[in-house]
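A look at the structure
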Amino acid sequence: TRRDNLLSFDKSAELIERNAQWMAGGVNSNFRLNISPTPLVFERGEGPWLYDADGNRLIDYYLGMGPMILGHKPQALVDAVKQEIEKGFLFAGQTAVEAEAARLVCELVPSAERMRFGCSGSEVDQAAIRLARAATGRKKIIKFEGHYHGWFDNVLWSTAPALNAAGPEDAPVPVAGSKGQLEETAETLVVLPWNNLELLTTRLAQGDIAGVIMEAAMCNAGAVHPAPGYLEGVRKACTQYGSILIFDEVITGFRLAAGGAQERFGVTPDLSTFGKAIANGFPVAAIAGRADLMDMFATGGVVHGGTYNAQPIAMAATAATLKSLKPSLYATLEERGGRLMAGFREIFAHAGVTAQVAGFPQIFHVAFGLENPARDYRDLARMDRAAYIAFTTALLRRGVRALERGAWFLSIDHTDSVIDETLLAVEDAVRELTASGT
Ligand code: PMP
């Protein structure tokens, strides 16, 4: 049913303003700031829905920025967590539940001979980079424009570069993501455009690269598939020139397939990192890969630590999540997400809106203003962000919450009727925007 009265978010706005006296900006992550019309305050989530402080029920396509592949508050996790919490919280020692979760990761992820848990994607990416340096005795890491590997100094480069400051396309200049970032860390990096095998191979051939880190399918700045043969070529070149290949599967892991992008594309990295969907909302991340590399944490003098690593309650959530990742779940996500993507394309075509709907049914990206599919970050950077923010704002007022940067995450609780409701809101929002000439 179509919505007549648009939602308001006044209470959220009021709370954010009040809370800003305690929390910087009224939020606890910079990526929750600058949301139109206001950052939101939530009371609870269930299935595909979030309930906010204004009493609105929103269909949620943020999904915690990716984790909630089973939807909000799935019963299997509630039960597992309740059972575990009765046993105590933290032991600074080992538990049965962490071993079970570890076994499941190794069973599901093709390249995971051995693994370790951490608490965030940012930190396990650091562990992978350290391991690559330790294993090769080399310093430099190759990263790609538009690929995000956490907020730490040595990787927060060229994640959303201002193109006028980013140098030539075939020889990008690293662009810092934050003030206060140690500039010297740029010297430990080589930034390249993604999906260009020739440039990468030429650089690897110099023989001084410790590791190559990439989102195996670009999902952060916008969803872009690896070009045919690209990942295979990267794999071959890394082996040839002795560099460690790291897939950052923090978004793609347990989402594109139970075994992540590496399963979907059939290419095996030396190391890979996971987060988000691994625990459906609990603060869990993992690094996994070749046993000889991973065992350097045990016997090779490479340090990896963390007070909260493998926290038992989070491990119970991890095991319960991983046990739920049946092939049928992915088939359903593919079908429903495919329907949603097709619905978008039809609505945009009908309304004469120029847009690219790209990626995967379970994580896709909508870019306004692009005539052709994007191949890398520089293509994506040309999208019409202002129009897209007007679109997500119009959607929010119609009860659909989607990320302003264009990503749409799907959960197994986004049923066909939820998708129908979403498409009605999209149709309506597009009508509003085209009528107002946005
Ligand atoms: N890598 C990728 C590909 C990510 O998408 C993210 C988070 N958006 C991270 C790393 C960092 O993870 P976290 O926010 O858990 O530190």
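A brief look at the structure comes next. Note that the structure is predicted; figures quoted are calculated from it, not measured.

Within the open sheet, the three strands sit side by side as β11-β12-β14. Their pairing is antiparallel. The open sheet has two free edges, formed respectively by β11 (355–360) and β14 (407–409), since each of these has just one partner strand. In this sheet, neighbouring strand axes are inclined to one another by 20° on average, regardless of whether the strands run parallel or antiparallel. Of the strands in this sheet, β11 and β12 (363–368) touch helix α11 (residues 327–351), which is tilted by about 170° from β11.

To continue, consider the pairing of strand β8 (residues 244–248). Of all five residues that make up β8, five are buried, and the element is covered over most of its length. Both faces of β8 are covered, namely the face carrying Ile 244, Ile 246 and Asp 248 and the face carrying Leu 245 and Phe 247. Direction of pairing for strand β7 (residues 209–214) relative to β8: parallel, over a ladder of four bridges. Across the sheet, the residue bridging to Val 212 is Leu 245, located in β8. Following the backbone out of β7, through helix α6 (residues 230–241) and into the adjacent parallel β8, one traces a crossover that is right-handed. Bridge count between β8 and strand β9 (residues 271–274): three bridges; the pairing is parallel. Residue pairing across strands places Ile 246 opposite Leu 271, the latter belonging to β9. In this view, the connection linking β8 to its parallel neighbour β9 by way of helix α7 (residues 260–265) has right-handed handedness.

Here the focus is helix α4 (residues 121–136). Its 16 residues give α4 an end-to-end C-alpha distance of 23 Å, which sits within 8% of 22 Å, the value for a rise of 1.5 Å per residue. Listed as buried for α4 are Gly 121, Glu 123, Val 124, Asp 125, Gln 126, Ala 127, Ala 128, Ile 129, Leu 131, Ala 132 and Ala 135. Positioned one or two residues after α4, Gly 137 has a phi angle of 70°, which is positive.

Moving on, we get to the packing of α11 against helix α14 (residues 416–435). At their nearest, the axes of α11 and α14 sit 10 Å apart, and the two run at 20° to each other. Considering their axes alone, α11 and α14 lie roughly parallel with respect to each other. For the element pair α11 and α14, the recorded crossing hand is right-handed. Between α11 and α14, the residues in contact are Arg 336, Arg 339, Leu 340, Gly 343, Phe 344, Ile 347 and Ala 351 and Asp 416, Ile 419, Thr 422, Leu 423, Val 426, Glu 427, Val 430 and Thr 434, respectively.

Here we come to helix α2 (residues 75–85). The set of residues buried in α2 consists of Leu 77, Ala 80 and Glu 84. The buried residues of α2 occupy one face: seen down the axis, they fall within an arc of 70°. Of the residues in α2, the exposed ones pointing more than 90 degrees away from the buried face are Gln 75, Val 78, Asp 79, Lys 82 and Ile 85.

Conventions and cut-offs
Residues numbered from 1 in each chain as written. Predicted model: local features only at pLDDT ≥ 70, side-chain atom pairs only at ≥ 80, totals over all residues. Pairing = 2+ DSSP bridges. Helix = DSSP H or I, 4+ residues; strand = E, 2+ residues; numbered from the N terminus. Axes fitted to C-alpha atoms, helices over the stretch in contact; angles between N-to-C directions. Contact = placed C-beta atoms within 7 Å. Buried ≥ 20, exposed ≤ 12 C-beta atoms within 10 Å, placed from the backbone. Right-handed = clockwise from strand over helix to strand, strands pointing away. Expected span 1.5 Å × (residues − 1). Parallel < 35°, antiparallel > 145°, perpendicular 65-115°, else oblique. Left-handed = near helix turned anticlockwise from the far one by under 90°. Arc of directions from axis to C-beta.

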